[in-house]
Amino acid sequence: MFSAKRLTAKLAIGTVIVIMSISSFAHAYLTDAGTYVPLNYFTFIPPAAGGSYVDANFGTSIKRLSNAMGTKSSVTSGNLTQITNEYSTMSPFNTDNSFLIIQHDSYFGLYSGAGSYLRDLPFAINAGAEPRWSRTDPNVIYFLSNNQLKQYNIATLATTVVRTFSEYSLVRGMGESDISMDGNHFVFVGDSQSIFIYEISTDRKSVVFNTQGKGFDSLYITPNNNVTVTWFASGTSRYNGIELFDSNMNFVRQVARAGGHMDVSRDINGDEVLLWANAADPTPVCNNGIVKIRLADASQTCLISLDWSLAEHVSAPDNGWVFVETYAPADPSPLAGWPKYTDEILQIKLDGSEIRRVAHHRSRPFDSYYYTPRASASNDGTKLVFSSNFGLQAQLGYPSIYVDTYLIDLGPGVTAAAPAPAPAPAPSPAPAPTSSTSRFEQSDASVTLSGDWTANSLAAHSSGGAILSMTAGSRATFSFNGTGVSWVAYRDEWSGIAKVYLDGSLVGTVDTYLSPGKAQASAYSISGLASGAHTLAVEATGTRSAASGGSWVWVDAFDATAAAPAPTPAPAPAPTPAPAPAPAPAPTPTTLRVEQTASAVVLSGDWASNGMSLHSGGSAVLSMTAGNRATFSFNGTGAKWIAYKDEWAGIARVYLDGALLGQVDTYASPNAAQVVAYSVSGLVSGNHTLAIEASGTRNNLSGGSWIWVDAFEAVSDGTAPTAAPAPTAAPAPAPAPAPAPAPIPTTTRLEQNASSVRYSNSWTTNSLATHSGGSAVLSMTTGASATLTFTGTAVSWIGYRDQWSGIARVKLDGQLIANVDTYLSTARSQAVTYSINKLTSGTHTLTIEVSGLKNNSSGGRWVWIDAFDVTK
């Protein structure tokens, strides 16, 4: 651990934040019992997504994976507010840590193991589907859909049904249990009361245990495929606290007198153990402790005792350790006392011999639940993710419900370093080693090109030449040896957006648009790398900002920085050198354009034809009717959708081989013709379909929801196509006619007892004059739901909210779209609990489902339905 003198010196000089590649920094921690206040608590802003910082107290390198406020939602017209790991007790990492999944509001994004966003998962895999990675196949994710267990393969994009439990209408895992340690078992509950174990390999369902309506909070499957049930009731009687059942669902014993945050694992000697926060235990073995319970006999061992101001989440990997993340609902200030272990991530050995203090998570309670970091580890315990709002609500004015995700690479078999001796004081710091920077032109042999790039000769460029591309996927990769690198580019009003990769991992997305234009601009720089060989790749995305007239990405040169001793500089160039010949182009895909009128494009629904000379082939089709599709069948390894984009364009859904890939907002101002609206590459060579579907929706700026299909391009292996001409601004098309004025909306209130509202499970009627219509219904039965079927463009759920209210799940047309905490410290009648607008005109369903969850401030889990307001 750090020496006291070293820590004192650090506090004296202030916080030093180091930005570096996470792979180049070793995991660090402290093991003492001191009190550590997070430095610069009210002012520290985390780095941009993809950047890293070092925890100033504990020395751990932490990488920021996401920027929710700057990430467009794939299901709404705005940006996200939450990008977070689902919960502490299921691992977001697959079995070999090559991928992880992170929740984007209600749906999931797929990320590389290093934390780079790759793509959205199908929307069927949402917050209510309880996605769980296979323990045997790193490409397979299991998830639930009503009464079915399904699996999705991230490599083939195929979704298949594993088992339909036709005897139930709904099957759940209660939101906390992971797949079993052997990767072959799940514990489920059917219709909220029938608990059973399902064995994947044999398609066998165990004996069913019927709860007979007794309320319970969670289910876990243990390492030996036994089951724990956590009941709402506390005490020493049956159906109280936490009970253990064997693999045939026979009751074995009570293991704890009260519920609490927990996880299951194996002890160092192989015993099954439960790791449990015992704050609710009436006779605890230690106060507010993390307790190890041996399931064989329910014996308890206290691993750590914490201040009563703290709550905890628990994540237990398979390696003999447990991660504990503390959080403080009272929002303490470092200026007014800071209890030990506050807002920390701890790593505790299961034999109690060591407590490692890894990091401060810096998340503050600006909402009632989602601020909690819910730190979650990989199965082997080498990686950890957590969510945090970093207090940005106070610093940057972010909304109360906001979080982003962070990654700690713990590394294999790490041990604490011996304290470093304090250096003898020097009158002044030694000068930093001299570093040297060398420029490498885009034509240098160290720069490898793939895709289609066009050469451009201007005196303003470095050495008089540069290259440019607007083809999505085209890359320029620079191989260098050093500690830093800069990408030098030309930037102007026709420049687009590029992706930047360091050593194969995505580190940033750069918008190169600039007005007025600038030559030899530093478009992206990174420093502090481990000295050695690296690669920096610049990739054209084919996209641009709304201000830009094009999507061109330029590569002029690269500057590589090496630490002393400086390398021998390259000889100075002759005054008038002959231009270096361009390297022979590498084989690149062959692109074939197919017009929207070709037989390979099948239109369904009502599409209008538009004949303007600016379209590819002189024509395009457009539609604003939700569900209308244009399906392109092709043979190859990739495809592109070519579209017209303007101020009346809307949002489209894109499908590959029948699976939803994402949503694309085609709005643009000014307008642009023959734009690559979406592209996909790296497919298995063969037959595929790319489908564009109008959603009938738009963003707030757009005057309409039109979707244009101008052409498609099929990509297959072969030689490079002819280079594109130099960029020129597209001629402005004739303005589209202004849309007809929207009809004046009308809102109708539907009471909770209307015939259009259908209920499942148990709801209780409450008659009070304060309710709309004089009555409302309420339930705290997990899975109980109220479904409104309505025709309109907007809907509001009206409810009663008070100090005993819990968390509800909200679904639109069967898809989970939000988790709503209905708790209020001051009761409110006829409260607008949740609203949705800008729906496609037509028939929809809105479902309110009781989650059985609550925040720490609430005294209950009640969810109220008073009425619904429907707007047409």
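Residues numbered from 1 in each chain as written. Predicted model: local features only at pLDDT ≥ 70, side-chain atom pairs only at ≥ 80, totals over all residues. Heavy atoms only, no water.

## Quick notes on the pairing of strand E2 (residues 61–64)
Each regular strand displays side chains that alternate between the two surfaces of the sheet. Burial of the side chains of E2 extends over both faces: Ser61 and Lys63 are buried on one face and Ile62 and Arg64 on the other. The pairing of strand E1 (residues 52–54) with E2 spans three bridges and is antiparallel. Following the sheet pairing, serine 52 is matched in E2 by lysine 63. As consecutive antiparallel partners, E1 and E2 are separated by six residues, and within that stretch glycine 59 has a phi angle of approximately 80°, a positive value. Relative to strand E30 (residues 404–409), E2 runs antiparallel, the two being bridged by two bridges. The residue bridging lysine 63 from the neighbouring strand is leucine 407, located in E30. (Buried < 20%, exposed > 50% of the residue type's maximum accessible area, 1.4 Å probe, protein only. Helix = DSSP H or I, 4+ residues; strand = E, 2+ residues; numbered from the N terminus. Pairing = 2+ DSSP bridges.)

## Observations concerning unusual backbone geometry
Its identity is not glycine, yet aspartate 105 carries a phi of approximately 50°, on the positive side. One non-glycine residue, phenylalanine 390, adopts positive backbone phi at about 55°. With respect to the helices and strands, phenylalanine 390 occurs in the loop between strand E29 (383–388) and helix H2 (392–396). For phenylalanine 390, a relative accessible area of 2% translates into the label buried.

## What to know about empty space enclosed by the protein
Taken as a whole, this structure holds five cavities of 30 Å³ or more when the rule is applied. Looking at the largest cavity, its volume works out to about 230 Å³. Lining the largest cavity are 23 residues, with Arg135, Asp178, Asp263, Val264 and Ala316 positioned closest to its centre. Every element with two or more residues in the lining of the largest cavity is listed here: strand E16 (216–221), strand E20 (262–266) and strand E28 (376–377). Counted by class, the lining of the largest cavity contains ten nonpolar, nine polar and four charged residues. One number sums up the size of the second largest cavity: a volume of about 80 Å³. Around the second largest cavity, the lining residues are Glu130, Arg132, Tyr142, Phe143, Leu144, Leu149, Gly173, Ser177, Asp178, Phe186, Val187 and Phe188. Those elements that place two or more of their residues in the lining of the second largest cavity are strand E8 (140–145) and strand E12 (185–190). (1 Å grid on protein atoms, 1.4 Å probe; cavity = no way out; pocket = protein on both sides within 12 Å on 5 of 7 lines; lining within 4 Å. Points joined across faces, edges and corners; volume = space filled by probe spheres on them. Nonpolar A, V, L, I, M, F, W, Y, C, P; charged D, E, K, R; others polar.)

## As for the environment of aspartate 606
By the secondary structure assignment, aspartate 606 is in the loop between strand E44 (601–604) and strand E45 (608–610). In sequence terms aspartate 606 and valine 621 are 15 residues apart; their C-alpha atoms lie 9.8 Å from each other. Aspartate 606 has contacts with Leu622, Ser623, Thr625 and Asn628, leaving out every residue within four places of it along the chain. (Contact = heavy atoms within 4.5 Å.)

## Quick look at the pattern of salt bridges
Per the stated rule, a full pass over the model turns up 25 salt bridges. Arginine 132 is the partner of glutamate 86 in a salt bridge, and the nearest nitrogen-oxygen pair spans 3.1 Å. Of this pair, glutamate 86 sits in the loop between strand E3 (83–84) and strand E4 (99–104) while arginine 132 sits in strand E7 (residues 132–133), placing them 46 residues apart in sequence. A residue is classified by how much of its surface remains accessible, and glutamate 86, at 16% relative accessible area, is buried. (Salt bridge = Lys/Arg side-chain N within 4 Å of Asp/Glu carboxyl O.)

## Brief notes about the sheet that holds strand E66 (residues 867–871)
Spatial ordering of the open sheet is given by E55-E66-E60-E63, a layout of four strands whose pairing is antiparallel. Both edges of this open sheet fall to strand E55 (747–751) and strand E63 (828–836), since each of them pairs with a single strand only. The mean angle between the axes of side-by-side strands here comes to 25°, regardless of whether they run parallel or antiparallel. Taken together, the six bridges between strand E60 (residues 794–801) and E63 define a ladder with antiparallel strand orientation. Opposite tryptophan 797, over in E63, you have tyrosine 834 as the bridge partner. (Axes fitted to C-alpha atoms, helices over the stretch in contact; angles between N-to-C directions.)

## With respect to the nonpolar core
The nonpolar side chains of a soluble globular protein tend to be buried, and buried together. Grouped together as the largest cluster of nonpolar side chains are 37 residues, with contacts concentrated most on Leu121, Phe632, Trp641, Leu690, Ile692, Val709 and Phe712. If near-sequence neighbours (up to four positions away) are discounted, phenylalanine 712 is found in contact with Leu592, Arg593, Val594, Val601, Ala630, Phe632, Lys640, Trp641, Ile642, Leu690 and Ile692. Core analysis: the next-biggest nonpolar cluster, separate from the first, contains 32 residues, Tyr53, Val358, Ala375 and Tyr406 among them. (Core = buried A, V, L, I, M, F, W, Y, C linked by side-chain atoms within 4.5 Å.)

## Side note on the packing of aromatic side chains
For the structure on display, the rule yields 34 aromatic pairs. Measuring from centroid to centroid gives 5.6 Å for tyrosine 142 and phenylalanine 186, while their planes differ by 75°, and the two rings are edge-to-face. Here phenylalanine 186 lies in strand E12 and tyrosine 142 lies in strand E8, a separation of 44 residues in the sequence. Accessibility assignment for this pair places tyrosine 142 and phenylalanine 186 in one class, buried. Between the aromatic rings of phenylalanine 632 and phenylalanine 712, the centroid separation amounts to 4.8 Å while the plane-to-plane angle is 15°, which identifies the pairing as stacked. Residue phenylalanine 632 is found in strand E47 (residues 629–636), and its partner phenylalanine 712 is found in strand E54 (residues 711–716); the two are separated by 80 residues along the sequence. Of the two residues, phenylalanine 632 and phenylalanine 712, neither departs from the other in class, the shared state being buried. Through successive ring pairs, a cluster of aromatic residues spans Tyr142, Phe165, Tyr168, Phe186, Phe188, Phe196 and Tyr198. Sitting over the ring of phenylalanine 251, arginine 238 keeps its end group 3.8 Å from the ring centre. We note arginine 629 situated over the ring of tyrosine 655; from NZ or CZ to the ring centre the distance is 3.9 Å. (Phe/Tyr/Trp six-rings, centres within 6.5 Å; stacked < 30°, edge-to-face > 60°. Lys NZ or Arg CZ within 6 Å of the ring centre and 35° of its normal.)

## Topic: the sheet that holds strand E24 (residues 311–315)
The four strands lie next to each other as E24-E25-E26-E27, forming an open sheet whose pairing is antiparallel. What marks the edges here is a single partner per strand, and that holds for E24 and strand E27 (355–360). Strand-to-strand, the axes of this sheet are offset by a mean angle of 25°, without reference to chain direction. With five bridges joining them, strand E26 (residues 344–349) and E27 adopt antiparallel strand pairing. Paired with leucine 346 across the bridge in E27 is arginine 357.

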